[in-house]
Amino acid sequence: MTNPSENWNEYMGEMNEAFLESLERNVEAQTAFVDSWMNAFESQELDEITEDGMKGYVGAYEAWMNAAQKQFERINDALEGEEVPIDEFRDIWLKAANDAFKEVTTTSAFSSMTGESVENSMAYKQTVDEATEQTLSTFGLPTESDIQEVAERLLEVERRQHEIEQKLDQVLEEIESE
């Protein structure tokens, strides 16, 4: 006869191992994500893209500097007695923010980094999803694929039931018409 505490210890040991394996895979996936992201900066293919990105950054900087200059001019105008609405200052900075954002986001560097980040995120998500499925399975809990399989089987049973009901209705109609 087995001791219940031994079963519990064995079960907890398996849970701890599964958790540690999952944690290790998660850390490895995060490391791979950061490494691939950093490698994107070191790639020789990115020389032109990096140059384009720097031009976008300079354009954004110029947008902010132009806004600061315009604000300075309007403050001087107000000090000289001109009536300058406060909304104008807000509009100066909103336009600067919009221009700076446009300067950065329209570069090939931004597109490249965004695309690579999305790709890396998707790979990381897949790794995490696989680790989650394995961990849930280890704990005896249903996984997403288990639930999908049950749903598919249920749909098939419903389809077959519907076919049987239709055939039964046909048989009943023939019996009643005789």
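Relevant structure appears above.
This one's a predicted model, so the numbers in the text were calculated from it and none came from an experiment. (Residues numbered from 1 in each chain as written. Predicted model: local features only at pLDDT ≥ 70, side-chain atom pairs only at ≥ 80, totals over all residues. Heavy atoms only, no water.)

What to know about the overall build of the protein
Part 1 of the argument: A tally of helices and strands in the protein yields five helices and zero strands.
Part 2 of the argument: Secondary structure of the protein in N-to-C order comes out as α-α-α-α-α.
Part 3 of the argument: Pairs at least 24 residues apart make up 74% of the contacts formed inside the protein by residues separated by at least 6 positions.
Part 4 of the argument: When the accessible surface of the protein is summed, it comes to about 14200 Å², and 57% of that surface belongs to carbon and sulfur atoms. (Helix = DSSP H or I, 4+ residues; strand = E, 2+ residues; numbered from the N terminus. Contact = heavy atoms within 4.5 Å. Areas by Shrake-Rupley, 256 points an atom, 1.4 Å probe, with all protein chains shown as cover.)

Some details on the packing of aromatic side chains
Part 1 of the argument: Enumeration over the complete set of coordinates arrives at one aromatic pair.
Part 2 of the argument: Relative to Trp93, the ring of Trp64 lies with its centre 5.7 Å away and its plane at 25 degrees, an arrangement referred to as stacked. Highlighted residues: Trp64 in helix H2 (residues 46-79) and Trp93 in helix H3 (residues 86-105), separated in sequence by 29 residues.
Part 3 of the argument: The class for Trp64 is partly exposed, based on a relative accessible area of 34%.
Part 4 of the argument: Under the relative-accessibility criterion, Trp93 is labelled partly exposed at 30%. (Phe/Tyr/Trp six-rings, centres within 6.5 Å; stacked < 30°, edge-to-face > 60°. Buried < 20%, exposed > 50% of the residue type's maximum accessible area, 1.4 Å probe, protein only.)

What to know about the pattern of salt bridges
Think of it this way: side chains of opposite charge can pair up when their charged atoms draw near.
Part 1 of the argument: Inspection of the entire model under this criterion finds ten salt bridges.
Part 2 of the argument: A salt bridge links Glu88 to Arg74, with the shortest nitrogen-to-oxygen separation between them at 2.5 Å. With Glu88 in helix H3 and Arg74 in helix H2, this residue pair connects regions lying 14 residues apart in the sequence.
Part 3 of the argument: Here Arg74 falls in the buried class, since its relative accessible area comes to 15%.
Part 4 of the argument: A salt bridge links Glu156 to Arg160; its shortest N-O distance comes to 3.1 Å. Taken together, the residues Glu156 and Arg160, both in helix H5 (residues 144-177) and four residues apart, mark about one turn of the helix.
Part 5 of the argument: Taking the relative accessible area as the measure of exposure, Glu156 reaches 28% and is therefore partly exposed. (Salt bridge = Lys/Arg side-chain N within 4 Å of Asp/Glu carboxyl O.)

Quick notes on helix H4 (residues 108-138)
Part 1 of the argument: Over its 31 residues, H4 extends 45 Å from the first C-alpha to the last, a length consistent with the 45 Å expected when each residue adds 1.5 Å.
Part 2 of the argument: Here H4 has its buried residues at Ala109, Met113, Asn120, Ala131 and Thr135.
Part 3 of the argument: One or two positions beyond H4, positive phi appears at Gly140, with a value near 80 degrees. (Expected span 1.5 Å × (residues − 1).)

So, a nonpolar patch on the surface
Part 1 of the argument: Together, Met54, Tyr57, Val58, Tyr61, Trp64, Met65 and Trp93 make up a nonpolar patch on the protein surface, roughly 720 Å² of accessible area in all.
Part 2 of the argument: Among the elements that make up the nonpolar patch, the one with the highest residue count is H2 (six residues).
Part 3 of the argument: Mapped onto the fold, Met65 is located in helix H2.
Part 4 of the argument: A relative accessible area of 41% places Met65 in the partly exposed class. (Patch = residues over 30% accessible without salt bridge, like charges linked within 9 Å, V, L, I, M, F, W, Y side chains within 5 Å.)

In short, shape yes, function no, at least from these values alone.
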